[in-house]
Amino acid sequence: MLTLLFDGIAYGMLLFILAVGLCVTMGLMNFINLAHGAFAMLGGYLTVALMQRHDVPFLVCLPLAFLVSAVVGVLLERTLYRTMYKKPHLDQVLFSIGLAFMAVASADYLMGSQQQIMQLPDWLRGRTELFVDSPFVLGMGHYRLFIIAVCAALTVGLQYVLSATRFGSRLRASVDDPRVASGLGINVNVVFAATFAVGSGLAGLGGALGAEVLGLDPTFPLKFMVYFLIVVAVGGTTSITGPLLAALLLGIADVAGKYYIPKLGAFIVYTLMIAILIWRPQGLFVRQGGKS
Amino acid sequence: MNAHKSLLQAARWRPLELAFWVLAFVSPWAVAQHALIINEIAIVALFAVSLDLVLGYTGIVSLGHAAFLGFGAYAAALFAKHIHPDPLLGLCVGVVVATLLGAVCSLSIMRGTDLTRLMVTLGTALILLELANKYSDLTGGADGLQGVIMGPLLGKFEFDLMGQVSAWYSLTVLLLFFVLARRLVHAPLGGTLKAVRDNRLRAMAIGVPVASRIAVVYTVAAGVAGGAGALMAQTTGFASLDVFALDRSADVMLMLAMGGVGWLYGGIVGAIAFKLMYDVIAGITPQYWTFWIGLFLVVLVMVGRERLIRPWTWFSTKRQEGAV
């Protein structure tokens, strides 16, 4: 019971790190980016390849995954994505699905279509059990504990940057109303490029962390696209707590659903999402006042 | 010329259209060895026309249109297997069932932004996929529903291996639904749909009942997609889980984008182009054809969808407006 909750939280935290970049880009430029999962896949493959072929330690791989995805993200943003912001949503959907298709086929070509296996370092394997004798046994895999710790630290960091720094207030202003923000002398383009880079970087990091939990194969961007979008749609795009709560909810619902009713697991998640979206089309946790 | 006349003018059948349909109906006979692919094209064209009603004419971005295709396909296949093998009855069942589903689902797309609708439509298709997977006793699960044997068409024409009968059958149904859709978009109802697409707020202000219009067109489009699904199940004698898959919805959206949205022939032209392109690319690199499809999509959007179907604008320097 508690173990399930624990796994669900780990899963949810991972989803949050993967999707938070998507939330901000969607909120900032109203851009529907279905190719976000490709950055996560990039981070995952990079980590696997570095660890297997060059024996780079796991902890070195994580920042590398972040950096490379961020750089690729900012390059793509400057060259391709920029031209898409003004276009209708249909164009954006087609464009980003096209990118996702290309990423899937390229990964297949470069790394093969099989599932990649991640060799975790020894200190992350194993499992600690608490309350063994009580009815609420809590079994914590060390790796999941590590994921929760990293993601929680990142979340706190993000929240700090957003709420207490100058960049954060610029970003919030740009999300609320880009036109007025640029009127106030904020260079929305630069803010956006930086955010896009960080968002892609975080997705890459999430992909690297999640390669073991979520599984990594070339269809990753399409398989998890739905989950990222659920987090964004349910959590809303105006704050960072909304997506966090949505991701945790999704993670717990998914893990619990798959455990208790194995064949209907995903069914529950989708039904829940549709119900929530019909009930509150703008997302569950929308801050009042901002331009939605 | 007054408004009434010019509207009638726009709705009139042109000689070129008639020529196109004559050509389409002659094709299974003229190139009999390609009858199977003509059948496939007719079916996906019908599916694309259905999406065009929703996406091109009403402006609802749907990434889950395969829900209705799949529902129609399973309904027709199950009907043929368990109740009666007559194709026309099965087609009706597929259409009616999908229409009902569309009427229910239309309630879910009334509110929210494009993203919300995208997610809700996508979610509907995924839920149906999960259900079809779960009730494997009925649907055959991941193995697909096998053993669907169709009776002869109109009691006379057996479905042959060459696929000529299926091709004519699908083309006839396509023409039927196409005429219906054509009537619909040229009727005043179609005009109000375009108004809803272009500016929902203003449409509401001039008294267009937006919610009921969206419900009507979504329901009709669902029925047409169900018809396409029924044709698919009947002419292949098979229904599998991939009829609900995201790829289907994405592919049909691509076809429509290739042919041009908001133009009924766009779906048909796109379906022909897509199938031919798929055949060529998959012939060269069967494993990596998605890469080229993806590249094509990216390039298509970068140069502008409007320009691709109008080659005479390629070299003009006039700036194109992005909005459709």
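Residues numbered from 1 in each chain as written. Chains lettered and ligands numbered in written order. Predicted model: local features only at pLDDT ≥ 70, side-chain atom pairs only at ≥ 80, totals over all residues.

**A closer look at the overall build of chain B**
Stage number 1. Counting its secondary structure elements, chain B contains 15 helices and zero strands.
Stage number 2. In terms of C-alpha radius of gyration, chain B reaches 20 Å, essentially the compact-globule figure of 20 Å for 324 residues.
Stage number 3. The dimensions of chain B, computed from C-alpha atoms along their principal axes, are 55 × 45 × 45 Å.
Stage number 4. Sorting the 324 residues of chain B into buried and exposed places 50% on the buried side.
Stage number 5. Once local pairs closer than 6 in sequence are excluded, the contacts in chain B between residues at least 24 apart make up 77%. (Helix = DSSP H or I, 4+ residues; strand = E, 2+ residues; numbered from the N terminus. Rg over C-alpha atoms; globule rule 2.2 N^0.38 Å. Buried ≥ 20, exposed ≤ 12 C-beta atoms within 10 Å, placed from the backbone. Contact = placed C-beta atoms within 7 Å.)

**Considering the interface of chain B and chain A**
Stage number 1. On the chain A side, the residues contacting the 39 residues of chain B number 38 residues.
Stage number 2. Counting only elements with at least two residues in the side of chain B that touches chain A, the list comes to helix H6 (114-134), helix H12 (246-259) and helix H14 (289-303) of chain B.
Stage number 3. Across the side of chain B that touches chain A, the residue classes tally to 25 nonpolar, nine polar and five charged. (Nonpolar A, V, L, I, M, F, W, Y, C, P; charged D, E, K, R; others polar.)

**A short note on the confidence of the model for chain B**
Residues and elements named next belong to chain B.
Stage number 1. Residues of chain B with pLDDT of at least 70 account for 94%, and the chain-wide mean is 84.
Stage number 2. Contacts for the low-pLDDT stretch residues 317-324, under 50 throughout, to residues beyond four places or in other chains number nine contacts.
Stage number 3. Across the interface, the model reports ipTM at 0.78; the global pTM reads 0.85. (pLDDT = per-residue confidence, 0-100.)

**What to know about the nonpolar core**
Stage number 1. Core analysis: the biggest nonpolar cluster contains 202 residues, and Ala 19, Ala 100 and Val 231 of chain A together with Leu 46 of chain B have the highest contact counts within it.
Stage number 2. When residues of this core are assigned to their parent elements, the largest contribution, 18 residues, is made by helix H1 (residues 2-29) of chain A.
Stage number 3. Apart from residues lying up to four places away in sequence, Ala 19 of chain A is in contact with Phe 228, Val 231, Val 232, Pro 243 and Ala 247 of chain A. (Core = buried A, V, L, I, M, F, W, Y, C linked by C-beta atoms within 7 Å.)

**A closer look at helix H9 (residues 220-235) of chain A**
All names here are of chain A.
Stage number 1. Look at H9: 22 Å from first C-alpha to last across 16 residues, which is about the 22 Å you get at 1.5 Å a residue.
Stage number 2. The axis of H9 is deflected most strongly, by about 30 degrees, at Val 226.
Stage number 3. Of all the 16 residues making up H9, 15 are buried; the element is thus mostly covered by neighbouring parts of the structure.
Stage number 4. Once H9 finishes, Gly 236 follows within two positions and takes phi at roughly 80 degrees, a positive value. (Expected span 1.5 Å × (residues − 1). Bend = angle between axes of the 7 residues up to and from the residue.)

**Considering the environment of Pro 221 of chain A**
Residue and element names in this part refer to chain A.
Stage number 1. Among the structural elements, Pro 221 can be located in helix H9.
Stage number 2. You can call Pro 221 buried: it has 27 C-beta atoms within 10 Å.
Stage number 3. Separated by 29 residues in sequence, Pro 221 and Phe 192 place their C-alpha atoms 23 Å apart.
Stage number 4. Discounting chain neighbours no more than four positions away, the residues touching Pro 221 are Ala 35, Gly 37, Ala 38, Met 41, Ala 100, Ala 103 and Val 104.

**A look at the confidence of the model for chain A**
Stage number 1. Taken over all residues, the pLDDT of chain A has a mean of 83, while the share at 70 or more is 96%.
Stage number 2. By mean pLDDT, the top-scoring element of chain A is helix H3 (residues 58-79) of chain A (88), and the lowest-scoring one is strand E1 (residues 127-130) of chain A (72).

**As for the environment of Gly 206 of chain A**
Residue and element names in this part refer to chain A.
Stage number 1. Locating Gly 206 in the fold gives a position in helix H8 (residues 188-214).
Stage number 2. Linking Gly 206 and Ala 65, residues 141 residues apart in sequence, is a C-alpha distance of 8.9 Å.
Stage number 3. Excluding anything up to four places from it in sequence, Gly 206 contacts Leu 14, Ile 17, Leu 18 and Ala 40.

**Topic: helix H5 (residues 142-164) of chain A**
All names here are of chain A.
Stage number 1. Helix length check: H5 (23 residues) gives 32 Å between terminal C-alpha atoms against 33 Å at 1.5 Å per residue, within 8%.
Stage number 2. Here H5 has its buried residues at Tyr 143, Arg 144, Ile 147 and Cys 151.
Stage number 3. Along its buried surface, H5 packs onto H1, strand E2 (138-141) and H8.

**Quick look at the packing of helix H2 (residues 15-30) of chain B against helix H8 (residues 164-186) of chain B**
Residues and elements named next belong to chain B.
Stage number 1. Running from amino to carboxyl end, H2 crosses H8 at an angle of 160 degrees, the nearest separation of the two axes being 8 Å. Taken together, H2 and H8 sit at an angle that is classed as roughly antiparallel. Crossing hand, H2 versus H8: left-handed. Between H2 and H8, the residues in contact are Trp 21, Ala 24, Phe 25 and Pro 28 and Gln 164, Ala 167, Trp 168, Leu 171 and Leu 175, respectively. (Axes fitted to C-alpha atoms, helices over the stretch in contact; angles between N-to-C directions. Parallel < 35°, antiparallel > 145°, perpendicular 65-115°, else oblique. Left-handed = near helix turned anticlockwise from the far one by under 90°.)

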